[in-house]
Amino acid sequence: MNIKKLRKIDWLILICALMLCGVGLIALFSASYDSDLDEFRKQAIWMGISIGIMIIVMFIDYKILIKLSPILYGISIIALIAVLFTKPINGARSWFNIKDGLFSFQPAEMAKVFIILFVAYVISLIQRDGRNEINRIPKLAIILATIGVTVVLIIVEPDYGTAAAYILAFLLMIFVAGIDKKYIIIAVAIVTIGVPLAYNFFLPAHAKQRIDTFLHPESDPRGSGYNVLQSKLAIGAGQITGMGVLEGNQTQLGYLYPKTTDFIFSVIGEEMGFIIAATVIITYVVLITRSIFIAKTAKNNLGSYIAIGIAGIFLFHTLENIGMTMGLLPITGVPLLFVSYGGTSMMTSFICIGVLLNISSQRKNGMFNK
């Protein structure tokens, strides 16, 4: 990568990611203080490894990654099938545990960037004969199949939150690719009819319970509604400037669970207050809008599809995680990217940043400007 390309890179997205990691490490220091800072240390190590991988990805032309995407997609599918034969953790087969739990790996998390690359590749192949080719039913079915196989495997685990992240990223990608409005209307109609049917006839008991808890958490304050009520108490207790690091009642007395992953934003709200919590939200907004801008100004349609897919992943995780800690959305176990504890999530997030930096280094007027 030459100096000219380095000057084109949108460094603001990297700054945003590093800012979020900084806040996350402070929150993890406090949240893991009662466990000898084990998760804090592991997260710091994973952050260093992830940044190193990001730098490598940043210097690999994304068109090379696209050529490798069929292989990466195949590996992802194999991993998603293999994980279904592992021992369940909290009722889900989502993790490969290595060396008796010393190291764990979540294939659905890592597969996000590989699936986005492959879907972008498939769309670009289909559109070689014209941009409107995506609206031909047989070809649209091929695109749907590429994401559908992945989503079904993740639902079987079950991991509905991660599956929803894939779906949102995919919807944004085909929207940018020029999907006809009639398909959007049909999709909305299917969702409108399908959601009530799924709730009543297909969703497992624990998924229904999460939705019921979201709607009426106060109906079972010591049971299914406990986590979200404690989360809201923690965020409210922080007020403007917070109670101070290591001083939060809900955090330090163990009322928040799991406080290092799902409810890390509650720790931030309680101990650092509204100002820092609002800054975190603003930072995510900047990160997502810059990702969309990279899609808008990408060198080619391929870069636009990849960037908007990554923006969709960032958008879903931000809305869902912060929304569920405030009781605005159902609890799904989706991590807050760059902030929540998790090596696989951290690595995948920085790979996404590396891809975005690569695309931005080659940008020109993009597809949104046509």
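Remember, predicted model here, so these are calculated numbers, not experimental data.

Before going further, it helps to examine helix 10 (residues 226-238). Spanning 13 residues, helix 10 covers 19 Å between terminal C-alpha atoms, matching the ideal 18 Å at 1.5 Å per step. Buried within helix 10 we find V228, Q230, S231, A234 and G238. Looking straight down helix 10, one finds its buried side chains confined to an arc of 160 degrees; they lie on one side. Of the residues flanking the end of helix 10, it is Q239, one or two places downstream, whose phi is positive at about 50 degrees.

One way to put it is that helix 2 (residues 11-31) packs onto helix 3 (residues 38-58) with a least axis distance of 10 Å and a crossing angle of 170 degrees. Relative to helix 3, helix 2 is oriented roughly antiparallel. Each of W11, L14, L18, C21, L25, L28 and F29 in helix 2 lies in contact with helix 3, whose residues at this interface are F40, Q43, A44, M47, I51, M54 and M58.

With 96 residues, the main nonpolar core has L287, I306, F314, F338, I353 and V355 as its most contacted residues. When residues of this core are assigned to their parent elements, the largest contribution, 14 residues, is made by helix 5 (residues 107-126). Excluding its chain neighbours within four sequence positions, the residues that come into contact with V355 are V57, L65, V113, I306 and I310.

Conventions adopted
Per chain, residues are indexed from 1 in the order of the written sequence. Where local features are concerned, this predicted model is filtered to residues with pLDDT of at least 70; where side-chain atom pairs are given and counted, the filter is 80 or more; whole-chain, interface and lining totals use all residues. To obtain the side-chain values, all non-hydrogen atoms of the structure were used and water was disregarded. In this description a helix means any DSSP run of H or I spanning at least four residues, a strand means any run of E spanning at least two, and both kinds are numbered starting from the N terminus. How far a helix is expected to stretch is found by multiplying one less than its residue total by 1.5 Å. Each residue gets one of three labels from its accessible area relative to the maximum for its type: buried under 20%, exposed over 50%, partly exposed in between, using a 1.4 Å probe on protein chains only. The directions considered for the arc run from the helix axis to the C-beta atoms. Axis lines are fitted to C-alpha atoms, over the contacting stretch for helices. Their N-to-C directions set the angle, which ranges from 0 to 180 degrees. By the definition adopted for this analysis, an angle is roughly parallel if under 35 degrees, roughly antiparallel if over 145, roughly perpendicular if from 65 to 115, and oblique otherwise. The contact criterion used throughout is that any non-hydrogen atoms of two residues lie within 4.5 Å. Put simply, buried Ala, Val, Leu, Ile, Met, Phe, Trp, Tyr and Cys residues joined by side-chain atoms within 4.5 Å make one nonpolar core.

As far as function goes, none of this settles anything; it's purely spatial.
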